[in-house]
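Tertiary structure, described
Each chain is listed here by its residues.
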Amino acid sequence: MSEPLPTTATVGVVGAGTMGSGIAWVAAAAGHRVLLHDVRDGAVAAARDEIGSRLQRSVDKGRMTAEERSAILGRIEHAPALAGFADAALVIEAVAELLDVKRLLFAELDGIVGDQAILATNTSSLSVTAVAGGLRLPGRVVGMHFFNPAPVMPLVEIVMGAASDPVVVERVFATAAAWDKTPVRCTSTPGFIVNRVARPFYSEALRILSEGTADAATIDAIVTGAGGFRMGPFALMDLVGLDVNLAVTRSVYEQTLDPRFAPNVKQQALVDAGYLGRKSGRGWFDYGADNAPPAPFPPAPAPEGCVVGEAPQYDGLAARLEHAGVSVERGGYGIATDRAWLYRTDGRPASVLNQGLTGLPVILFDLVGDWATASCIAIAAPRSIDDDVIAHAAGLFQAAGIDAFRVADIPGLVLARIIAQLISVAADAATERVATPDDIDTAMRLGTNYPAGPFEWAERMTTEGVISVLGWLHDWYEEDRYRTAAGLKRSRHEELPLREVYG
């Protein structure tokens, strides 16, 4: 295993904005002398003042001593010119996300630092290979993508360009770990891991909204309440900034031409109108008004008894129903009452499942991450089913303390549709050797705060379940957007868990 840079090594950081100052803080906290440079007058002084203020809050809360604060701040020095980096062992750039700007910067640094020095780019979406192109020593260039805020977020993507020296990559990986970060390795492809794999979280939610399946607040409620995500896709876009999110989407799409990453016209319209999210006061939600919460199905009586599927995934639901006084038997698949069959979506719309049936009507429910903790669920039924039967199904979930949101009868409903696309994109990333399944899961948990990584979700849905949802979406819309990843097909044919396909 490679050794990290010793703490005696000097680290240079170019760019004293939010990311650059955060990276400087991280390196200084790890014990390095840090040289911070910015072309803007007063930017470094302002960055040091902000770091000092934030460190003081930690002192006030008893998380560090005043001496530790002074030591960290004292290790961050102003470098008025790039020439000051001559003795740096590692220089990390955090300047504008423009390829020409980064290439010009690295070309200048290439002639200043020693031949053994490492040059790292904090780019979130540009090609590390392109950044290093034309340099005298392109092998020493590597991606070191921190997440905002850098002092808090644990993930760092260590990105290997086509010319990157593997020894350099491993040195940077070990250094990030020594800085108390969780590094993951990936190759230089559009979006790396997080910005690539996360695209369907937004794009599929936008597609569902565009079809009128549910409004933004309801989709967010389902994703958080049924999926366990900390934020729904629309609230998260508002937090990040619709313009920033759209720019990343467009960047990944333009580099791949993959329809799964295509920008959405509704998002573009909001950006054009200046509705950028929290920073502008309005995005998908209006932050200057009291937004009405999403409206679940009104309270309905619960059935006296039901049969709940015998699969362990339903244990949490069965326990909650029994605690509420509902008589529960275990057996079969899905849920059965005296008035309806309730099945988890496999991609088929409820109208398709109900065609030709002469028994009880079928009502679909969405994927749930953890029945023991879920607070809501999406349900769907064809228009031909009586409202009182739908209320009967909603009442069952309500008895377990789970709000039911009725959504339009579309393939895959909401959460299952989003998760199936996340899994498919992640499987393609693993097939293309962008990163290993374990690193992809780690990156998505730590970089986006997902409750589980895509390959962990695949274990919950099963390969057959994912393929079925994608297959119905593909047949329904006749779009390549919903193609099934080759890794999923291999998983089914080789009868291996998806993660093991890449072992």
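On to the sheet that holds strand β4 (residues 90-93). Taken together, the eight strands give an open sheet; going across it, the order is β3-β2-β1-β4-β5-β6-β7-β8, and neighbouring strands pair in mixed fashion. In this open sheet, the two strands that pair with only one neighbour each are β3 (76-78) and β8 (182-187). On average, adjacent strands in this sheet sit at an angle of 25° to one another, irrespective of strand direction. Inspection of the sheet shows β4 paired to strand β5 (residues 118-121) by four bridges, in the parallel sense. By the bridge assignment for β5, L90 is matched with I118.

According to the stated counting rule, one finds 14 aromatic pairs in the structure shown. Ring geometry for F229 versus W457: centroids 6.1 Å apart, planes at 5°, classification stacked. Separated by 228 residues along the polypeptide, F229 in the loop between α9 (216-225) and α10 (233-240) and W457 in helix α18 (residues 454-461) bring together distant segments of the chain. Each member of the pair, F229 together with W457, is buried. On the numbers, 6.1 Å between centres and 10° between planes, the contact of W371 with F397 is stacked. Pair noted here: W371 is in the loop between β13 (362-365) and β14 (376-380) and F397 is in helix α15 (residues 387-399), with a separation of 26 residues, a long-range link. Comparing W371 with F397 shows no difference in burial state: the two are buried. Among the aromatic residues, those joined into a cluster by ring pairs are F201, Y202, F229, Y450 and W457. Lying over the aromatic face of Y477, R207 brings its terminal NZ or CZ to 5.0 Å of the ring centre. Over the aromatic face of W457 sits the side chain of R460, whose NZ or CZ is 4.7 Å from the ring centroid.

A few words on the pattern of salt bridges. Under the criterion given, the structure shown has 27 salt bridges. Here R196 ties to E432 by a salt bridge, and the two come within 2.9 Å at their closest N and O atoms. One end of the pair, R196, is in helix α7 (residues 194-197); the other, E432, is in the loop between α16 (415-431) and α17 (437-448), with 236 residues separating them in the sequence. Accessibility expressed as a relative area gives 6% for R196, which makes it buried. On the accessibility criterion, E432 (47% relative accessible area) is partly exposed. Across the pair R406 and D387 runs a salt bridge whose closest N-O atoms are separated by 4.0 Å. One end of the pair, R406, is in strand β15 (residues 403-406); the other, D387, is in helix α15, with 19 residues separating them in the sequence. A relative accessible area of 37% means that R406 is categorised as partly exposed. Assessed through its relative accessible area of 57%, D387 is described here as exposed. Here the residues in one salt-bridge network are E204, R207, E211, R417, E479 and R481, joined through shared partners.

A surface patch of nonpolar side chains, amounting to about 230 Å² of accessible area, comprises L239, V240 and V244. You can see V240 is positioned in helix α10.

Turning to the pairing of β13, a few remarks are in order. In β13, alternate side chains face the same way, and those of V362 and L364 on one face and I363 and F365 on the other are all buried. Where strand β12 (residues 341-344) lies against β13, four bridges are found, and the strand directions are parallel. Each bridged residue has a counterpart across the sheet, and for R344 the counterpart in β13 is F365. The pairing of β13 with β14 spans two bridges and is antiparallel. Note that in β14 the partner of L364 across the bridge is A380.

Take the packing of helix α19 (residues 463-477) against helix α20 (residues 486-493) next. Here α19 crosses α20 at 135°, and the two axes come no closer than 9 Å. In terms of orientation, α19 lies oblique with respect to α20. In the packing of α19 onto α20, the handedness of the crossing is left-handed. Where α19 abuts α20, its residues T463, E464, V466, I467 and L470 lie against L488, K489, S491 and R492. Taken together, the residues of the contact of α19 with α20 break down into four nonpolar, two polar and three charged.

The biggest cluster of nonpolar side chains holds 102 residues, and the ones touching the most others in it are F85, I193, F234 and I440. Per-element tally for this core: the top contributor is α16, with 11 residues. Once you skip the residues sitting within four places of it in the chain, F234 turns out to touch A205, L206, L209, A216, I219, D220, W284 and F285. If you look at the next biggest cluster of nonpolar residues, it comprises 41 residues, including I23, V44, A47 and A120.

Our next topic: the pairing of strand β1 (residues 10-14). Among the five residues that make up β1, five are buried, leaving the element largely enclosed by the rest of the structure. Going residue by residue along β1, you find T10, G12 and V14 tucked away on one face and V11 and V13 tucked away on the opposite face as well. Bridge analysis of β1 against strand β2 (residues 33-37) gives five bridges, and the strand direction is parallel. Paired with V13 across the strands is L36, a residue of β2.

Cut-offs applied
Residues numbered from 1 in each chain as written. Predicted model: local features only at pLDDT ≥ 70, side-chain atom pairs only at ≥ 80, totals over all residues. Heavy atoms only, no water. Pairing = 2+ DSSP bridges. Helix = DSSP H or I, 4+ residues; strand = E, 2+ residues; numbered from the N terminus. Axes fitted to C-alpha atoms, helices over the stretch in contact; angles between N-to-C directions. Phe/Tyr/Trp six-rings, centres within 6.5 Å; stacked < 30°, edge-to-face > 60°. Buried < 20%, exposed > 50% of the residue type's maximum accessible area, 1.4 Å probe, protein only. Lys NZ or Arg CZ within 6 Å of the ring centre and 35° of its normal. Salt bridge = Lys/Arg side-chain N within 4 Å of Asp/Glu carboxyl O. Patch = residues over 30% accessible without salt bridge, like charges linked within 9 Å, V, L, I, M, F, W, Y side chains within 5 Å. Areas by Shrake-Rupley, 256 points an atom, 1.4 Å probe, with all protein chains shown as cover. Parallel < 35°, antiparallel > 145°, perpendicular 65-115°, else oblique. Left-handed = near helix turned anticlockwise from the far one by under 90°. Contact = heavy atoms within 4.5 Å. Nonpolar A, V, L, I, M, F, W, Y, C, P; charged D, E, K, R; others polar. Core = buried A, V, L, I, M, F, W, Y, C linked by side-chain atoms within 4.5 Å.

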